[in-house]
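As a plain string of letters, each chain reads:
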Amino acid sequence: MSRADITELPEVPRSGTVANQIYELALRDAYVDAPRCATTLGITEDEAAAAIGDLVELRLLHLAHGCGHAYVAVNPLTASLQLLAVHDEELRSRQHQLEQLRQRMHSLMPLYRAQSAQEPDPGPVQRIEDAEVAHGVVAGLLADADREVLFARSPEDALGDAVLTGLDARSRADAGLRVRLLLPHAARFDPALREYAGRLVARTGQARTTTAGVAWLVIVDGRTGVVPLEHGTGVAVLRDPAVVSGFRSGFEGLWSAAEPFDGHYDPRAGRAASAAIDAAIVRMLVNGAEDKVIARTLGISARTCQRRISDLMESLDARTRFQAGYLLGAQDQGDESTAA
């Protein structure tokens, strides 16, 4: 069976289909054949023969011993092992080949670094407007990382998921690389980011979430920073030590107050994160922030933000956002007076 064969196999028989009925009949009776299936199910022998052929191809039926036309049912687990064994072996072989290729590619790093050292200094700030070039530069920085990568991921992701993909590959290839990932609290409700954080933490990386407002940022080995350009899809590569140090200090401030995140969904932690998001919405609403600013800061969609604000206004019996902000501010002042 070739690799393409798996995509050409008939579908696993679903409830109500002729193939499913024939498989059920084979489980009840000692054997089945096309005439018996046609009589029992009220179908033509051609239809029965076609369905039996599909079940044989899926290894769910096989010929009865010593018989050329009768079939008996096979345990689905046994059938799946027989059917997919060649693909499992092929997948393991492919993974081995990919790992060998990765190691050979990494063996070229000393040559690459020696050549890079001879290239002219791009200066303290390098603006890269072209998105494709920006992808390549950031991929190179991640490949060159020796000790640590800090990544603050915001909804306004300058490079899509390219940095996440690159970090995943680097952490898999180099267990000694320290990776810290800072995300908005809303990431706790994103299945893809939960899975990613789980893999990162399993490889000794760290992930945390916050409602403080995460700005997109990459810092490699404390020497090089990457931030998005003010407009467009490009990035600015920062190499000035003072500038990179300032951005790192900002990251560390957010990191120290953020909540650890291992990728697992805990209902209690989820409720706490949801409450923290609501509290942050309240703070920004009191300060007069617009919906789009609130949504961007918290890493939630505009629709989710509007729904939460609508629920909050309803609980306050407020007709406008301005009125809701005023009532919330009055509540805060009242709470402070009571405490005093």
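Residues numbered from 1 in each chain as written. Predicted model: local features only at pLDDT ≥ 70, side-chain atom pairs only at ≥ 80, totals over all residues. Heavy atoms only, no water.

(A) The overall build of the protein chain, seen in detail. Helix and strand counts for the protein chain stand at 14 helices and 10 strands. Counting every position in the protein chain, which comprises 340 residues, the buried fraction comes to 36%. Put simply, the protein chain shows about 19700 Å² of open surface, and 53% of that area lies on carbon and sulfur atoms. (Helix = DSSP H or I, 4+ residues; strand = E, 2+ residues; numbered from the N terminus. Buried < 20%, exposed > 50% of the residue type's maximum accessible area, 1.4 Å probe, protein only. Areas by Shrake-Rupley, 256 points an atom, 1.4 Å probe, with all protein chains shown as cover.)

(B) Layout of the nonpolar core. In terms of nonpolar packing, the biggest core is built from 29 residues, with Phe151, Val163, Leu167, Leu181 and Val218 touching the most fellow members. For this core, the secondary-structure elements that each account for two or more residues are α7 (131–144), β4 (148–152), α8 (162–173), β5 (178–184), α9 (191–202), β7 (217–220) and β9 (235–238). Leave out the neighbours within four places in its chain, and Val218 touches Val149, Leu150, Phe151, Val163, Thr224, Gly225 and Val226. With 21 residues, the next largest nonpolar core counts Ala34, Ala48, Ala51 and Leu58 among its residues. (Core = buried A, V, L, I, M, F, W, Y, C linked by side-chain atoms within 4.5 Å. Contact = heavy atoms within 4.5 Å.)

(C) Looking closely at a nonpolar patch on the surface. A cluster of nonpolar side chains, Leu98, Leu101, Met105 and Leu108, forms an exposed patch at the surface whose accessible area comes to about 370 Å². When you line up the elements, Leu101 lands in helix α5 (residues 76–106). Judged by its relative accessible area of 41%, Leu101 is partly exposed. (Patch = residues over 30% accessible without salt bridge, like charges linked within 9 Å, V, L, I, M, F, W, Y side chains within 5 Å. Salt bridge = Lys/Arg side-chain N within 4 Å of Asp/Glu carboxyl O.)

(D) Just the pattern of salt bridges, in detail. Applying the stated criterion across every chain, the model contains 18 salt bridges. For Arg248, the salt bridge identified is with Glu148, shortest N-O distance 2.8 Å. One end of the pair, Arg248, is in helix α10 (residues 241–257); the other, Glu148, is in strand β4, with 100 residues separating them in the sequence. Judged by relative accessible area, which is 25%, Arg248 ranks as partly exposed. Put simply, Arg223 and Asp221 hold a salt bridge, and the shortest N to O gap is 3.5 Å. Using a relative accessible area of 47% as the deciding quantity, one classes Arg223 as partly exposed.

(E) The arrangement of the side chain of Arg153 in detail. Summarising the element assignment, Arg153 is placed in the loop between β4 and α8. Within the structure, Arg153 has its side chain in polar contact with the side chain of Asp161 (distance 2.6 Å). Beyond its immediate sequence surroundings of up to four residues, Arg153 is in contact with Gly160, Asp161, Leu164, Leu181, Leu182, Leu183, Pro184, Leu193, Val214 and Trp216. (Polar contact = N/O pair within 3.5 Å; in protein donor to acceptor, adjacent residues only side chain to side chain.)

(F) Broad picture of the confidence of the model for the protein chain. Considering every residue of the protein chain, the mean pLDDT works out to 83; 86% of them sit at 70 or more. Between residues 334–340, whose pLDDT stays under 50, and residues either more than four places distant or in other chains, the model counts 0 contacts. (pLDDT = per-residue confidence, 0-100.)

(G) A look at the sheet that holds strand β3 (residues 125–128). Pairing is mixed in the open sheet, where 8 strands are placed in the order β3-β9-β8-β7-β4-β5-β6-β10. The open sheet has two edge strands, β3 and β10 (259–260), and neither has a second partner. Of the pairings in the sheet, the one linking β4 to β7 comprises 4 bridges and is antiparallel in character. From the neighbouring strand, Phe151 faces β7, where its bridge partner is Val218. α8 rests against β4, β5 and β7 of the sheet, and its axis sits at about 150° to β4. With respect to the sheet, α10 is in contact with β4, β5, β6 (206–210), β7, β8 (224–228), β9 and β10, its orientation differing from that of β5 by roughly 65°. (Pairing = 2+ DSSP bridges. Axes fitted to C-alpha atoms, helices over the stretch in contact; angles between N-to-C directions.)

(H) Seen up close, the pairing of β5. Of all 7 residues in β5, 6 are buried; the element is thus mostly enclosed. The handedness of the β5 to β6 crossover, carried by α9, is right-handed. (Right-handed = clockwise from strand over helix to strand, strands pointing away.)

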